[in-house]
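Residues per chain, in single letters:
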2 protein chains.
Amino acid sequence: MPRGFGRGRAIGPPWWQGRFRGAGYRLTVPREAILDVLSKTQRHLSAEDIYLAVHKGYPAVGLTTVYRTLELLAQMGMVFKFDFGDGRARYELSIGPKGTRHHHHLVCQQCGAIIDVDESTLARLQDVLLARYDFRASLRHVAIFGLCSNCRE
Amino acid sequence: MPRGFGRGRAIGPPWWQGRFRGAGYRLTVPREAILDVLSKTQRHLSAEDIYLAVHKGYPAVGLTTVYRTLELLAQMGMVFKFDFGDGRARYELSIGPKGTRHHHHLVCQQCGAIIDVDESTLARLQDVLLARYDFRASLRHVAIFGLCSNCRE
DNA sequence: CTCAATGCAAATCTTTTGCATGCTA
DNA sequence: TAGCATGCAAAAGATTTGCATTGAG
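What this report covers is the structure whose coordinates are included nearby. (Residues numbered from 1 in each chain as written. Chains lettered and ligands numbered in written order. Predicted model: local features only at pLDDT ≥ 70, side-chain atom pairs only at ≥ 80, totals over all residues. Heavy atoms only, no water.)

**Focus: the protein's contact with DNA strand C**
Point 1. Within the structure, DNA strand C sits among 21 residues, and T28(A), A60(A), T65(A), Y67(B) and R88(B) are positioned closest to it.
Point 2. A share of 69% is what sugar and phosphate atoms reach among the atoms of DNA strand C within 4 Å of the protein.
Point 3. Interatomic distance of 3.0 Å between a side-chain N/O atom of R31(A) and a phosphate oxygen of DNA strand C.
Point 4. A distance of 3.2 Å is found between a phosphate oxygen of DNA strand C and a backbone nitrogen or oxygen belonging to G62(A).
Point 5. At 4 residues, helix α4 (residues 63–76) of chain B tops the list of elements feeding residues into the surface near DNA strand C.
Point 6. Of the residues assigned to the surface near DNA strand C, the class counts are 8 nonpolar, 6 polar and 7 charged. (Near = heavy atom within 4 Å. Polar contact = N/O pair within 3.5 Å; in protein donor to acceptor, adjacent residues only side chain to side chain. Helix = DSSP H or I, 4+ residues; strand = E, 2+ residues; numbered from the N terminus. Nonpolar A, V, L, I, M, F, W, Y, C, P; charged D, E, K, R; others polar.)

**Some details on the protein's contact with DNA strand D**
Point 1. Around DNA strand D, the surrounding shell holds 21 residues, and the nearest of these are Y67(A), R88(A), R26(B), A60(B) and T65(B).
Point 2. When the atoms of DNA strand D within 4 Å of the protein are sorted by group, sugar and phosphate make up 62%.
Point 3. Note that a phosphate oxygen of DNA strand D is positioned 3.3 Å from one of the backbone N or O atoms of V61(B).
Point 4. When residues of the surface near DNA strand D are traced back to their parent elements, those giving at least two are α4 (63–76) of chain A together with α2 (29–39) and α4 of chain B.
Point 5. Among the elements that line the surface near DNA strand D, the one with the most residues is α4(A), at 4 residues.

**Some thoughts on the nonpolar core**
Most often, soluble globular proteins have nonpolar side chains that are buried together.
Point 1. In terms of nonpolar packing, the biggest core is built from 25 residues, with L38(A), I50(A), L73(A) and M78(A) touching the most fellow members.
Point 2. At the level of secondary structure, the elements contributing two or more residues to this core comprise α2 (29–39), α3 (47–57), α4 and β3 (89–93) of chain A.
Point 3. Residues contacting I50(A), with those up to four places away along its chain left out, are I34(A), L38(A), L45(A), V66(A), L70(A) and Y91(A).
Point 4. In this structure, F20(B), L38(B), A47(B) and M78(B) belong to the second largest nonpolar core, which totals 24 residues. (Core = buried A, V, L, I, M, F, W, Y, C linked by side-chain atoms within 4.5 Å. Buried < 20%, exposed > 50% of the residue type's maximum accessible area, 1.4 Å probe, protein only. Contact = heavy atoms within 4.5 Å.)

Next comes the structure, spelled out in structure tokens:
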């Protein structure tokens, strides 16, 4: 099981333990393994990606549990679930010891590259949508499709 | 089969016949029925929605043909395929006798309402993404999630 | 000790594909 | 008539569910 996170904390419970105990959920081996995988990547993993990664260390963990855990984590607000239009959902840790991450993505329709977009880039859009359409955009699940610079050559 | 479109043209071939003949595709009963359904709604229909609507007038048309026709129409640029994150694709006619339509949508995560967004609202965003990320956003398949005014009360 | 959590298998749901037949051009 | 288009059935792929068992608190 993962212990510590970042440079200055070699020993101690992972940062997510409190979130589980506080909410009344049980901290189990599969759940810790899944959180461990998510916390160690910058990529946008599918349920099967996570299953395969977890499976290496814990072959007993099944795909069903991965799906159920991801649903729980999404409900707890600890992961974001994205749909990049390729028929499978992608998951990304939304919070960590260092705070919240970026939440917008540019998806290249040619090569499938995914570019993370800074929060501030879409901040103005949010205001426009609220003023013009009375719609409060969450802007946490924005995926914009197009062509990246490589594929435009 | 549908004949005419709009006020001033009671008789004459539907506006899409030329697009089919010109491209070398055959104009069949199922294809006309599907286009007829799409041209008569303002809603965002799923493949099954279209299948059910077509099925009323032409019970022999199968769901497979609906999917294949929609794929062809999307490839021809006559329909846009949207993913609103509910596990099924939605389709909308992209062109008509009156020209192109809007292509952006606000999806309410509470009630599922879909609000059409004017093209110009996102035009500026396109420039920003190109300048800052060297990414050419198509902005034809943008779905932004959030809460509509009703569900915020 | 209790009941939430798990694993397995089977079910679901949407979309795709194989193949023989039908129908447009 | 030729070959694209179709319908049916089955396949495929992602996700969910039923149920008996396990293990965290």
